[in-house]
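Single-letter residue listing:
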Amino acid sequence: MKITALGRWNSSRYKCNNEKDLTSFFWLFEHNGRMDWPTPPNFAVMEQGEYAAPMLTAGFMQALRDILPADAILLSEEDRLHYGHDETEDLSFPPQVVVRPRSTEEVAGVVRLCSAHTIPITPIGARTGLSGGALSVHGGVGLALDRMNAIVEIDERNLQVTVEPGVITQVLQEAVAAKGLYYAPDPGSRGSCTIGGNLAENAGGPRAVKYGVTRDFALNLQVVLPSGEVIWTGANTLKNATGYDLTRLMVGSEGTLGIITRAVLRLVPLPQETRLMLVPFRDAQKACEAVSAVFRAGITPSALEFMERDAIDWTLRFVKGVNIAIADDTAAHLLIEVDGNHGDVLMRDCETILGVMEQFDCQEVLFAETAAEKDALWLMRRRVGEAVKSNSVYKEEDTVVPRYALPRLLAKVKEVGGRYGFRSVCYGHAGDGNLHVNIIKGEMSDAAWTQDLPKAIREIFQYTVDLGGTLSGEHGIGLVQRPYMDVAFDPVQIALMRGIKQLFDPQGIMNPGKVLP
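Residues numbered from 1 in each chain as written. Predicted model: local features only at pLDDT ≥ 70, side-chain atom pairs only at ≥ 80, totals over all residues. Heavy atoms only, no water.

Caption draft 1: Focus on the overall build of the protein. Looking only at helices and strands, the protein features 16 helices and 20 strands. By the burial criterion, 56% of the 517 residues in the protein qualify as buried. Carbon and sulfur atoms form 50% of the exposed surface of the protein, whose accessible area is close to 21,500 Å². (Helix = DSSP H or I, 4+ residues; strand = E, 2+ residues; numbered from the N terminus. Buried < 20%, exposed > 50% of the residue type's maximum accessible area, 1.4 Å probe, protein only. Areas by Shrake-Rupley, 256 points an atom, 1.4 Å probe, with all protein chains shown as cover.)

Caption draft 2: Representation of a nonpolar patch on the surface. Residues Tyr244, Leu246, Leu249 and Ile500 make up a contiguous nonpolar surface patch of roughly 390 Å² in combined accessible area. Within the secondary structure, leucine 246 sits in helix 7 (residues 246-250). Owing to a relative accessible area of 31%, leucine 246 belongs among the partly exposed residues under this scheme. (Patch = residues over 30% accessible without salt bridge, like charges linked within 9 Å, V, L, I, M, F, W, Y side chains within 5 Å. Salt bridge = Lys/Arg side-chain N within 4 Å of Asp/Glu carboxyl O.)

Caption draft 3: Molecular detail of helix 3 (residues 104-117). For helix 3, spanning 14 residues, the distance from its first C-alpha to its last is 20 Å, which sits close to the expected 20 Å at 1.5 Å a residue. Counting buried residues along helix 3, 10 of its 14 residues qualify, which places the element largely inside the surrounding structure. Within helix 3, burial applies to Thr104, Glu106, Val107, Ala108, Gly109, Val110, Val111, Leu113, Cys114 and Ser115. Once helix 3 finishes, threonine 118 follows within two positions and takes phi at roughly 50 degrees, a positive value. (Expected span 1.5 Å × (residues − 1).)

Caption draft 4: Representation of the sheet that holds strand 3 (residues 73-74). As summarised here, the arrangement of the four strands in space is 3-4-6-5, forming an open sheet in which the pairing is mixed. With one partner strand each, in any of the chains shown, strand 3 and strand 5 (121-124) form the two edges of the open sheet. Of the pairings in the sheet, the one linking strand 3 to strand 4 (residues 97-99) comprises two bridges and is antiparallel in character. In the sheet register, isoleucine 73 faces strand 4, and the bridge partner there is valine 99. (Pairing = 2+ DSSP bridges.)

Caption draft 5: Region of interest: the pairing of strand 19 (residues 423-429). Counting buried positions over the seven residues of strand 19 gives six, a clear majority of the element. Taken together, the two bridges between strand 15 (residues 303-308) and strand 19 define a ladder with antiparallel strand orientation. When the bridges of strand 19 are listed, methionine 307 appears paired with tyrosine 427. Alignment of strand 19 against strand 20 (residues 434-440), held across seven bridges, turns out to be antiparallel. Across the sheet, residue histidine 429 finds its bridge partner in strand 20, namely asparagine 434.

Caption draft 6: Molecular detail of the packing of aromatic side chains. Here the structure, examined in full by the defined rule, presents three aromatic pairs. Judged by centre distance (5.4 Å) and plane angle (85 degrees), the ring pair of tyrosine 182 and tyrosine 211 falls under edge-to-face. Here tyrosine 182 is found in strand 9 (residues 181-182), whereas its partner tyrosine 211 is found in helix 6 (residues 208-211), with 29 residues between them in sequence. Per residue, the accessibility class of tyrosine 182 equals that of tyrosine 211, and both read buried. Note on phenylalanine 461 and tyrosine 484: the rings are 5.3 Å apart at their centroids and 65 degrees apart in plane angle, and the pair reads as edge-to-face. (Phe/Tyr/Trp six-rings, centres within 6.5 Å; stacked < 30°, edge-to-face > 60°.)

Caption draft 7: How the structure looks around the sheet that holds strand 15. The antiparallel open sheet is built from seven strands, whose spatial order is 17-14-16-15-19-20-18. If you trace the sheet from one side to the other, it starts and ends with strand 17 (366-367) and strand 18 (394-400), each paired once. Bridge analysis of strand 15 against strand 16 (residues 332-340) gives six bridges, and the strand direction is antiparallel. Counterpart to glutamate 305 in the pairing with strand 16 is leucine 335. Helix 13 (residues 406-420) contacts strand 15, strand 18, strand 19 and strand 20 of the sheet and is inclined by roughly 160 degrees relative to strand 19. (Contact = heavy atoms within 4.5 Å. Axes fitted to C-alpha atoms, helices over the stretch in contact; angles between N-to-C directions.)

Caption draft 8: Main features of the pattern of salt bridges. This structure, assessed with the given rule, holds 27 salt bridges. When the shortest N-O distance is used, the salt bridge between aspartate 186 and arginine 190 registers 3.7 Å. Since its relative accessible area comes to 2%, aspartate 186 is described here as buried. Residue class for arginine 190 comes out partly exposed when judged on its relative accessible area of 25%. Put simply, glutamate 337 and arginine 207 hold a salt bridge, and the shortest N to O gap is 2.9 Å. With glutamate 337 in strand 16 and arginine 207 in the loop between helix 5 (195-201) and helix 6, this residue pair connects regions lying 130 residues apart in the sequence.

Caption draft 9: Seen up close, unusual backbone geometry. Even without a glycine there, the phi angle at asparagine 202 is positive, about 55 degrees. Structurally, asparagine 202 is set in the loop between helix 5 and helix 6. The exposure class assigned to asparagine 202 is buried, which follows from its relative accessible area of 10%. Non-glycine residue valine 515 carries a positive phi angle of around 70 degrees. Among the structural elements, valine 515 can be located in the segment after helix 16 (491-504).

Caption draft 10: Looking closely at the pairing of strand 10 (residues 218-224). Burial of strand 10 is extensive: seven of the seven residues sit out of reach of the surface. Relative to strand 11 (residues 230-232), strand 10 is paired through three bridges, and the arrangement is antiparallel. By the bridge assignment for strand 11, valine 224 is matched with valine 230. Hairpin connection, strand 10 to strand 11: the antiparallel pair is bridged by five residues, and glycine 228 has positive phi, about 95 degrees.

Everything listed here is a matter of coordinates, which is why it stays silent on function.
In structure tokens, the structure reads:
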């Protein structure tokens, strides 16, 4: 039997012979003797697409059953669809089989089997990604790491924690906080995303401005290479100048070089107090200009977030229980947090910040007085993405520039939108120059959305790079940003990256179709 799997874009990239039967996953198949695979669903027939899945033989499937228990191998349409999407628009690329190992040894066994049969293998975390990094675009095996979710050890003496990749980020934060320790990387989806996915994408979040991103907390990683060999990438030390830094290479590689099965992460003491303020502005450009001025005044906030008026309006309608009065002439907000151990010091920092804000024509500042008020403001910020997504078909671009360039980037986004006919809602981690640009389809025609929007995105990315920035601050490249990699890198740089990929994965089986053009 020959099976070809095709995924689906939201842009009618593939043509369907029967539009009403369009689904997220399609099979083209022909019988050649006895079927070695469960009878595929009667989906609509599609034209040949870019990605074709391999044949999984009876021998391969039996060997897989020899490695894993029966409940760790999922073949149903429902399960494959579940593990075949993330939060990237409405893309869906289900693997042909999903496996859920419980140990590094089981992961290595599956990878060795895939290597022997040249079968693509895609690491899958919590599927909260926004770049399509965990989609099985070439079919094959989807390796879900959700069962590997143990916090192995919290080392209070050395301020380190050892975890498996399926640990939910917020669960880890709460576990170490109970011991007076702090894991600072804080993605917006912290309640559902996992450490393995955070490492794969080098996730950041609001508190990266003070504490750094996931890469800055990774000391040592256990990795299963595409050959099935298992290595540790570094040492459990804060300093390490011994050889090439394989740990930092692996973090952010999006599962294209290997599969992380255990991580040693550094911790810091838990800050005892925080102060939080919401600062409205009549002019969004002024709000962006105020960002770099805070740092020039000698203050490093633990978070400094930017939200356009639409972002807050949409979120307040979307989230119940958050009530904030917004003046009619408010155009944008900054959400600013400082943290530490001495309340009087934090109040002096807040006074300094307030003085800076007043120089940029801010409106009346809202101070969160209680824990409940702080929680409400952070809930509003963390739900912005969901609120925007609920309003319209959209695309989110994850731009990042030096802080001082934020006003120019925001102006360019609006100018490009005016020329191409789209509306945008912008928000993000202004303290480190990371602006999330949400492009709203609204009244744009399907043709303009499909054909013209990529040109507009390329213009925005080119301007971002011209400002000294790059394509992604924390969402990664994955599948959907691959076509723009030439904006950020010249042929020599891309060739070096391809050489690294070839060295680690000469068969090209590890998360193929991602990152590199």
